[in-house]
Amino acid sequence: MNPVDPVDEEAARLYRAKVWAGADRTLWRPQVEGTVGTRLRELADWAESSGHGEGPPDIYGDGPVEDLERRTAEELGFPAAVFFPTGTMAQQVALRCWAGRTGSPVVALHPLAHPEVHEGGALAAVSGLRTVHPTDAPRLPTAEEVREHPEHFGTLMLELPLRDAGFVLPSWDELTAVVEAARERDAVVHFDGARLWECPTHFGRPLAEVAGLADSVYVSFYKSLGGHSGAVLAGPEDVMAEARVWRHRYGGQVFQQYPAALSALRGLAEELPRLPSYVAHARVVADAVREALTEADTGWFRVHPGTPHTHQFQVWLPYDAERLTAASLALAEATGTVLFRRWFSPGAGGPPGVAVTELTVAGPGLEWTAEDVRTAVREFLARLG
């Protein structure tokens, strides 16, 4: 079998992006859609209307970057916060700082956590850290698993939600028990909170109370809040002071980052208050998808979690990923409606003959009724051939 021509694959990717960006109806619009000019004008308009447009740009992290750090620390309930160009760098620095304080380079985390799956072994290769896994079940570890893990570790890192397992969260009691179990072992707790912003609805607790369970928290600004890029690490004053030193050493002391900082401030002002409505409506969408797939008698399928924990969830179907992606594209071409986007095979160790996609419900999705969703599912299935 001949390998896929990378030129053809890039052309296909660009075509899909063009079709999806031009659709009239979608459950969400990723910030990569639109033109550079449109994005810049939107940000400039917001900066002027919000009073952020009159001040000077930042120089090495002052001005709007400092404003963002203060605002994020307040939202999360921590005394200090540090802005980073990427979440990968922020978490490398956090875990390195805690390793120095605990005397242990060992980090306990899930094998599906972002550093293990998406960062090319950076924790070991760049920061000299070693990871262990209290569990490999597709969920966060339990208190018992943390307590009984045979190896010593200095830091327990919890990804909330655990994205690659289906954006799953523990219950509030389970989360507090896991944190307590780590503390019994004299370990510190760090939250990978790239998507922490949308977790309070599931836990029934304010954001600062959720974040306050941990010793430090990383949050992203582009994953849920529509920012251009960037992340913040929040924690105690002394740890954040050291984090600033390591940020410079890692190459993160960027000359100017005001566009990213302003887009993050806009996300905090505009998107953060809306996230509970997105989470609530994701549950409506998930139910409607399940109902339509059941009525269509597609055979085995899965909506996971059954009741979404956040505004994102997975859908699994017993078809080839390319076939499902083609049907998703055909639906958008014919009707101007985007329901699903790309589908993926589960990879090594996954069951053959099935594929998975992620559904995100944001502002545009609030306009969809349950019947709208069921209709879109039926029209999607009709294009599977």
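Please refer to the structure higher up on the page.
Presented here is a report on the structure given in the accompanying data block. (Residues numbered from 1 in each chain as written. Predicted model: local features only at pLDDT ≥ 70, side-chain atom pairs only at ≥ 80, totals over all residues. Heavy atoms only, no water.)

**A few points about the pattern of salt bridges**
One pass over the structure, following the stated rule, counts 25 salt bridges. Ionic pairing is found between Arg290 and Asp287, a salt bridge with its closest N-O pair at 2.9 Å. Placement of the pair is Arg290 and Asp287 together in helix 13 (residues 275-296), with a separation of three residues, close to one helical turn. Its relative accessible area of 25% is what places Arg290 among the partly exposed residues. Close ionic contact of Arg378 with Glu371 constitutes a salt bridge, the shortest N to O distance being 2.7 Å. (Salt bridge = Lys/Arg side-chain N within 4 Å of Asp/Glu carboxyl O. Helix = DSSP H or I, 4+ residues; strand = E, 2+ residues; numbered from the N terminus. Buried < 20%, exposed > 50% of the residue type's maximum accessible area, 1.4 Å probe, protein only.)

**What to know about the nonpolar core**
Of all hydrophobic cores here, the largest spans 58 residues; its most connected members are Leu76, Phe191, Leu196, Trp197, Val217 and Phe221. Once you skip the residues sitting within four places of it in the chain, Phe191 turns out to touch Gln91, Leu158, Leu160, Leu175, Val179, Val210, Ala211, Leu213, Ala214, Ser216, Val217 and Tyr218. Of all hydrophobic cores here, the second largest spans 31 residues; its members include Leu27, Phe340, Trp368 and Leu384. (Core = buried A, V, L, I, M, F, W, Y, C linked by side-chain atoms within 4.5 Å. Contact = heavy atoms within 4.5 Å.)

**Quick notes on a nonpolar patch on the surface**
On the surface, Ile59, Tyr60 and Phe255 cluster together into a nonpolar patch covering about 320 Å² of accessible area. Note on placement: Ile59 falls in the loop between helix 2 (36-50) and helix 3 (64-76). (Patch = residues over 30% accessible without salt bridge, like charges linked within 9 Å, V, L, I, M, F, W, Y side chains within 5 Å. Areas by Shrake-Rupley, 256 points an atom, 1.4 Å probe, with all protein chains shown as cover.)

**Section: the packing of helix 13 against helix 15 (residues 370-382)**
Two numbers describe how helix 13 lies on helix 15: the axes approach to 8 Å, and their chain directions differ by 45°. With respect to helix 15, the element helix 13 is oriented oblique. The element helix 13 and its partner helix 15 pack so that their crossing is right-handed. Residue-level contacts link Val284, Val285, Ala288, Val289, Glu291, Ala292, Leu293, Glu295 and Ala296 of helix 13 to Ala370, Val373, Arg374, Val377, Arg378 and Leu381 of helix 15. (Axes fitted to C-alpha atoms, helices over the stretch in contact; angles between N-to-C directions. Parallel < 35°, antiparallel > 145°, perpendicular 65-115°, else oblique. Left-handed = near helix turned anticlockwise from the far one by under 90°.)

**A short note on the environment of Thr142**
Take Thr142: it is sitting in the loop between strand 4 (130-132) and helix 7 (143-148). Given a relative accessible area of 31%, Thr142 falls into the partly exposed group.

**What about the packing of aromatic side chains?**
Within the structure shown, the criterion is met by eight aromatic pairs. Their ring planes at 65° and their centres at 5.7 Å tell us that Trp172 and Phe203 sit as a pair that is edge-to-face. In this pair, Trp172 is assigned in helix 8 (residues 172-184) and Phe203 in helix 9 (residues 200-203), connecting sequence segments 31 residues apart. The exposure class assigned to Trp172 is buried, which follows from its relative accessible area of 12%. (Phe/Tyr/Trp six-rings, centres within 6.5 Å; stacked < 30°, edge-to-face > 60°.)

**Remarks on unusual backbone geometry**
Cis rather than trans, the peptide bond between Leu160 and Pro161 has omega equal to -10°. A positive phi angle, near 60°, is found at Asp186, a position not held by glycine. Here Asp186 shows up in the loop between helix 8 and strand 6 (188-193). Overall, the relative accessible area of 67% leaves Asp186 in the exposed class.

**A short note on helix 15**
Under the 1.5 Å per step criterion, the end-to-end length of helix 15 is 19 Å for 13 residues, consistent within 8% with the ideal 18 Å. By the burial criterion, the buried members of helix 15 are Val373, Arg374, Ala376, Val377, Phe380 and Leu381. Seen from one end, helix 15 has its buried residues packed into an arc of 160°, which puts them on one side. On its buried face, helix 15 sits against helix 13, strand 10 (312-317), helix 14 (321-335) and strand 11 (337-338). (Expected span 1.5 Å × (residues − 1). Arc of directions from axis to C-beta.)

Honestly, that's just the spatial picture; any functional story needs more than this.
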